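Analysis of the macromolecular model
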Amino acid sequence: MPRYDPHSIEPRWQEYWERNKTFRAVEDTSKPKLYVLDMFPYPSGEGLHVGHPEGYTATDMYTRYQRMRGFNVLHPMGYDAFGLPAEQYAIETGTHPGATTERNIANIRRQIKRLGFSYDWDRELATTDTDYVRWTQWIFLLMYETWFDPDAEWTDPDGRRRRGRGRPIDELPVPPGVRAQGEESVRRHRDLFRLAYQAEAPVNWCAALGTVLADEEVINGRSERGNHPVQRLPLRQWMLRITSYADRLVEDLDTVQWPEPIKEMQRNWVGRSEGAEVDFFAGEPGPDYAEWRAARSRRGYPDQPDALSIRIYTTRPDTLFGATYMVLAPEHPLVDRLTSPERKQEVDAYRQRVAAMSEEDRITGRGEKSGVFTGGYATNPVTDEMIPIWIADYVLISYGTGAIMAVPGHDQRDFEFANKFGLPIRAVVMPPQSWLQKMQVRQEDYAGRIGSLSEAFVDEGQGMQSENEDVSLDGLPTPEAKKAITRWLGESGLGTAAVKYKLRDWLFSRQRYWGEPIPILHELDADGKPSDLTVPVPDAELPVTLPEMEDFKPTGHPGGPLEKAVSWVHTRVDGREMRRETNTMPQWAGSCWYYLRFCDPRNETLAWDPAKERHWMPVDLYVGGAEHAVLHLLYARFWHKVLFDRGKVSTMEPFRRLINQGMILSITYRTAEGRIVPYTKIDFHEGKAIHTETGEELSGETEKMSKSRGNVIPVDVPLQQYGADTTRLYEMFMGPIEDTKPWSMQGVEGISRFLNRAWRMIVDEDADELRLNSKVVPPSGPEGEPTLEQLRTLNKTLKAVTADLEALRFNTAISRLMEFVNFFTAQKARPAVCMERFVLMLSPLAPHLAEELWLAMGHSDSLAGARWPDFEEQYTRDDMMEVPVQINGRLRARLLASSSASREELEQAALSDPKIRKHLENSAIRKVIVVPGKLVNIVAG
RNA sequence: GCGAAAGUGGCGGAAUUGGCAGACGCGCUGGACUUAGGAUCCAGUCCCGCAAGGGGUGGGGGUUCAACUCCCCCCUUUCGCACCA
């Protein structure tokens, strides 16, 4: 075997690893454990392009390295296989989504295996496997059987006191009044608190997809998949109470090693804000108002607003004196009551117009404020002024209380609205000088000119014009003013401190076929219609599998396609007729817990064995794309916390460390007319891209890979041309994992050359069979002892590569190995000891080649079990070094000096250097800075 | 608009704590070997300059003996969020 031939080497070693189950993970308590996980792929019909395996390559190199370091490694792979594309394809062609999915999985499995990754294939799973679906449904039912107790106090595994946790639904306190009304009443009470519950909610209805979508799946009013318009509709849906976990989802971010931007995105998504709720009297000042106020002072602030009040939420209670009008969301339930008869027509028209608007229209219409006056008035509780109540679509029903106090002086939206509709604007916060200067207004003119300024002052300042008989905020800095007014509101029974979140509960139903059926049965009423009472599918009957169907088309109404499977829908439990839930789970469900199933994937009686979960969890390193920063990662964390609260898992967070691989871009080549030219028709020559047919020189641009651009590079392309090791190395050599970087076919060539050079450094290329290069000398032979220089190169490389692999800096590790090969290729005698260490260093990166070289060096078994070589510190340092000498920070000379030379010696040597003396001829030395082992800098002038 | 990240040769990128900017690779130039080279090997390659020397890490300012690195202002690009009171 003379030449390096990856196409013969690679399949051979892949078979060897597979046959010997080299990478099977077996719990071994004698070693430290390491769980390294890739975000598993969705098996699309297109297969993988070169961007997909970037993360897989990094984790493979890392786990191969850590196995050599003695870790007990779990490194599995699977498929996130439910989802819309297979179903859309089914609708178009009639092919069962299961068949499509299976075919796609087979293709992706082939591609992944071809890259020689060290997964434990015995743990492979797909979220569509029936024995996986079973446990996905089991977790759903666990949520159904859980309520969140916000007052429960407990101590977390880190020893901190915490508040709020999920508990079994049987432990939910039932008020005696409810219990007295019987079992059905108790059930309804429980249904109000379950983590998985049904609710009539305004949902994102996508007519084109025939389904409801989660907020996260809607981008700018259009569906994330397919870019179809989305409308708001009220529908009865399954929801998961993720909002109960909002605080814990934010707090526990501090305990994980994730990229700060991702943590920030999650915090923003949860969107916690602190402020106050305030009740406004829904009427004019007068005797009724006085009576209401008196009652409030006596009884305090109620949990639910009384019939006479409008409850608002604000983050700026300190601006209460500036509230000159109120706005309710058009959907707010009080609107009808507050609207005066003469305004009714206009109000109704506005509400209808808003309701009919698509999400997209709402977004594009944003900025230009719209709204109508209801004719109703409220009373500002600190000024006792009568203020008008408006409705406007800039107030959202789904956030806070769906109503606001408008403070046009200090809120940009209110400011625009007030200016448009001529509402009064009052200054109640004095801005700092810098802002006044920017707006070109003097402090004494601020209050008078506030309405004519170009924008509102919305930051913190000092209270002004905020005083009545009871309370004064004048002169108080904003934080103090907030405290003062909140205290006053509490004492007056008008308000209380409150926390709100942008995060909404997770809409969990999909009107789709290709998903996990929601394992719930609806009880039927006397007429045989589904009542609102539900029971879980009994554990013994899980999983609920999808019925065989031929027509997968969306029905266009809330039942979804499963409604059509009549015999499946109707079932009986204990002789009672029941109707199955026909909605399915969203695609996110399966990926919420696959990392747990990987701990014990073949368990038939449990989702996982607790001992195995304790052994492997948490995931020590999780690698995947940043596109999952909020969706998948937030959902999975939520499920995990519920499982934790219910004692099913031992850790509070699933993923200890997270790394986001950057996107891999592609270079798109176009003709002068802008037509895209595929790679197969381009000749790369003299740094140019030449069209093979026309000879035209093409211009290349770095762009995102996409089908429409025709610049997708399937991973099979480099695999076929160069093999797995070259593909793997190039994936990493391009740059740091987390960076976005372009794939260059010419760059791959360089890696291929490197591996060829490494091959020839060790193997005799002219021999007929695998034989060592004659320059490789055994330890016993002449020149078999490495020279000092060789030892230094070897040990410096070892030290650097070890540090690089620890830190997942594969690009620089590869550079180091290139330098090693460059050095040793120039050596006439290459001691076998050095070559062997090199092969071990190369093995996590280019495992097939390394195995073959290992064989060439006379080993009979795989090097997968070999130990990572240690370096000797003494050989990582040189005794002599070049010391740069600067004058005023400019390099003027280099000295050759002992590495251990003292400050004085270096200064002496520098000052006596002829070049330096020449430069210093006409100037006086002021100071000499010597950094031993680094440089000398002479300050002169 | 808000939030975050990033700007280094023709290109991808290197540069522990502030200490020789441009490692390694691509591309390019010259040479060797060769029937041939888009294989391989050797040499060169930040910019200006024959050289001495000078300039240089998006732009401007600052701290420092010394700044790609730290601070301030600005510009550009990418990503995320987007009427969340």
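None of the values given here were measured: they were computed from a predicted structure.

Counting residues in hydrophobic clusters, the biggest one holds 108 residues, and the most contacted among them are Tyr35, Phe140, Trp506, Tyr594, Tyr595, Phe638 and Trp639. Ignoring sequence-local partners within four residues, the contact set of Tyr35 consists of Leu74, Pro76, Tyr595, Phe598, Cys599, Trp616, Met617, Pro618, Val619, Asp620 and Leu621. Within the second largest apolar cluster, 71 residues are counted, among which are Val36, Val623, Ala832 and Ala850.

On inspection of all chains with the given rule, the structure shows 73 salt bridges. The salt bridge partner of Glu27 is Arg123, with a shortest N-O separation of 3.6 Å. Here Glu27 is found in the loop between α1 (6–20) and β1 (33–38), whereas its partner Arg123 is found in the loop between α4 (97–114) and β4 (125–126), with 96 residues between them in sequence. Relative accessible area serves as the criterion here: at 30%, Glu27 is assigned to the partly exposed category. Salt bridges sharing partners connect three or more residues here, namely Asp156, Asp158, Arg160, Arg162, Glu251, Asp252, Arg637, Lys641 and Glu653.

Turning to the sheet that holds β1, a few remarks are in order. Overall, parallel pairing links the four strands, which are arranged β2-β1-β26-β27 in an open sheet. Each of the sheet's edge strands pairs with one partner strand only, and the pair in question is β2 (72–74) and β27 (658–661). Shown here is a sheet whose adjacent strand axes are inclined to one another by a mean of 20°, direction ignored. Bridge analysis of β1 against β2 gives three bridges, and the strand direction is parallel. Paired with Tyr35 across the two strands is Leu74, which belongs to β2.

Attention now moves to the environment of Pro175. In this structure, Pro175 sits in the loop between β6 (161–168) and α6 (176–180). Assessed through its relative accessible area of 35%, Pro175 is described here as partly exposed. In the structure, Pro175 is positioned 14 residues away from His189 in sequence and 9.0 Å away in space, judged by C-alpha atoms.

A word on the packing of helix α25 (residues 745–762) against helix α28 (residues 832–842). Running from N to C, α25 and α28 point in directions that differ by 150°, and their axes come no closer than 11 Å. Put simply, α25 runs roughly antiparallel to α28. In the crossing of α25 with α28, the sense of the turn from one axis to the other is left-handed. Here α25 contributes Ala758, Met761 and Ile762 to the contact with α28, which in turn contributes Met835, Phe838 and Val839. Classifying every residue of the contact of α25 with α28 by side-chain character gives six nonpolar, no polar and no charged.

Relative to the helices and strands, Leu533 resides in strand β23 (residues 530–536). Looking at Leu533, the relative accessible area reads 4%, which means it is buried. Along the primary structure Leu533 and Arg656 are separated by 123 residues, whereas in three dimensions their C-alpha atoms are 40 Å apart. Ignoring anything within four residues of it in the chain, the contact list for Leu533 reads Glu184, Arg187, Arg188, Asp191, Leu521, His522 and Glu523.

This part is about unusual backbone geometry. In the segment running from Leu542 into Pro543, the intervening peptide bond is cis, with an omega of 0°. Relative to the assigned elements, Pro543 resides in the loop between β23 and α18 (566–569). Residue Met617 is joined to Pro618 through a cis peptide bond whose omega torsion reads 0°. Here Pro618 shows up in the loop between α21 (610–616) and β26 (621–625).

One can describe the packing of helix α3 (residues 84–93) onto α4 by two numbers: an axis separation of 8 Å at closest approach and a directional angle of 125°. As summarised for this structure, α3 and α4 are arranged oblique, according to the angle between their axes. For α3 against α4, the interelement crossing comes out right-handed. Residue-level contacts link Ala86, Glu87, Tyr89 and Ala90 of α3 to Pro97, Thr100, Thr101 and Arg103 of α4. Grouping the amino acids of the contact of α3 with α4 by side-chain chemistry returns four nonpolar, two polar and two charged.

This paragraph deals with the sheet that holds strand β36 (residues 880–887). Taken together, the four strands give an open sheet; going across it, the order is β37-β36-β39-β38, and neighbouring strands pair in mixed fashion. Single-partner strands in this sheet number two, and they are β37 (890–898) and β38 (925–931). The mean inter-strand angle of the sheet, taken between neighbouring strand axes irrespective of direction, is 20°. Against the sheet, helix α30 (residues 903–912) touches β36, β37, β38 and β39 (935–940), its axis set at about 130° to β38.

Here the focus is the packing of aromatic side chains. Note on aromatic pairs: each is described by the distance of the centres and the angle between the planes. As enumerated under the stated definition, the model contains 48 aromatic pairs in all. The interplanar angle of 20° and the centroid separation of 6.4 Å between the aromatic rings of Tyr513 and Trp514 together place this pair among those described as stacked. Just as Tyr513 is buried, Trp514 falls in that class too. A cation over a ring is seen here: Lys369 above Tyr394, with NZ or CZ 5.5 Å from the ring centre. The ring of Trp568 has Arg580 sitting right over it, with the charged end atom 5.3 Å from the ring centre.

Conventions and cut-offs
- Residues numbered from 1 in each chain as written.
- Chains lettered and ligands numbered in written order.
- Predicted model: local features only at pLDDT ≥ 70, side-chain atom pairs only at ≥ 80, totals over all residues.
- Heavy atoms only, no water.
- Core = buried A, V, L, I, M, F, W, Y, C linked by side-chain atoms within 4.5 Å.
- Buried < 20%, exposed > 50% of the residue type's maximum accessible area, 1.4 Å probe, protein only.
- Contact = heavy atoms within 4.5 Å.
- Salt bridge = Lys/Arg side-chain N within 4 Å of Asp/Glu carboxyl O.
- Helix = DSSP H or I, 4+ residues; strand = E, 2+ residues; numbered from the N terminus.
- Pairing = 2+ DSSP bridges.
- Axes fitted to C-alpha atoms, helices over the stretch in contact; angles between N-to-C directions.
- Parallel < 35°, antiparallel > 145°, perpendicular 65-115°, else oblique.
- Left-handed = near helix turned anticlockwise from the far one by under 90°.
- Nonpolar A, V, L, I, M, F, W, Y, C, P; charged D, E, K, R; others polar.
- Phe/Tyr/Trp six-rings, centres within 6.5 Å; stacked < 30°, edge-to-face > 60°.
- Lys NZ or Arg CZ within 6 Å of the ring centre and 35° of its normal.

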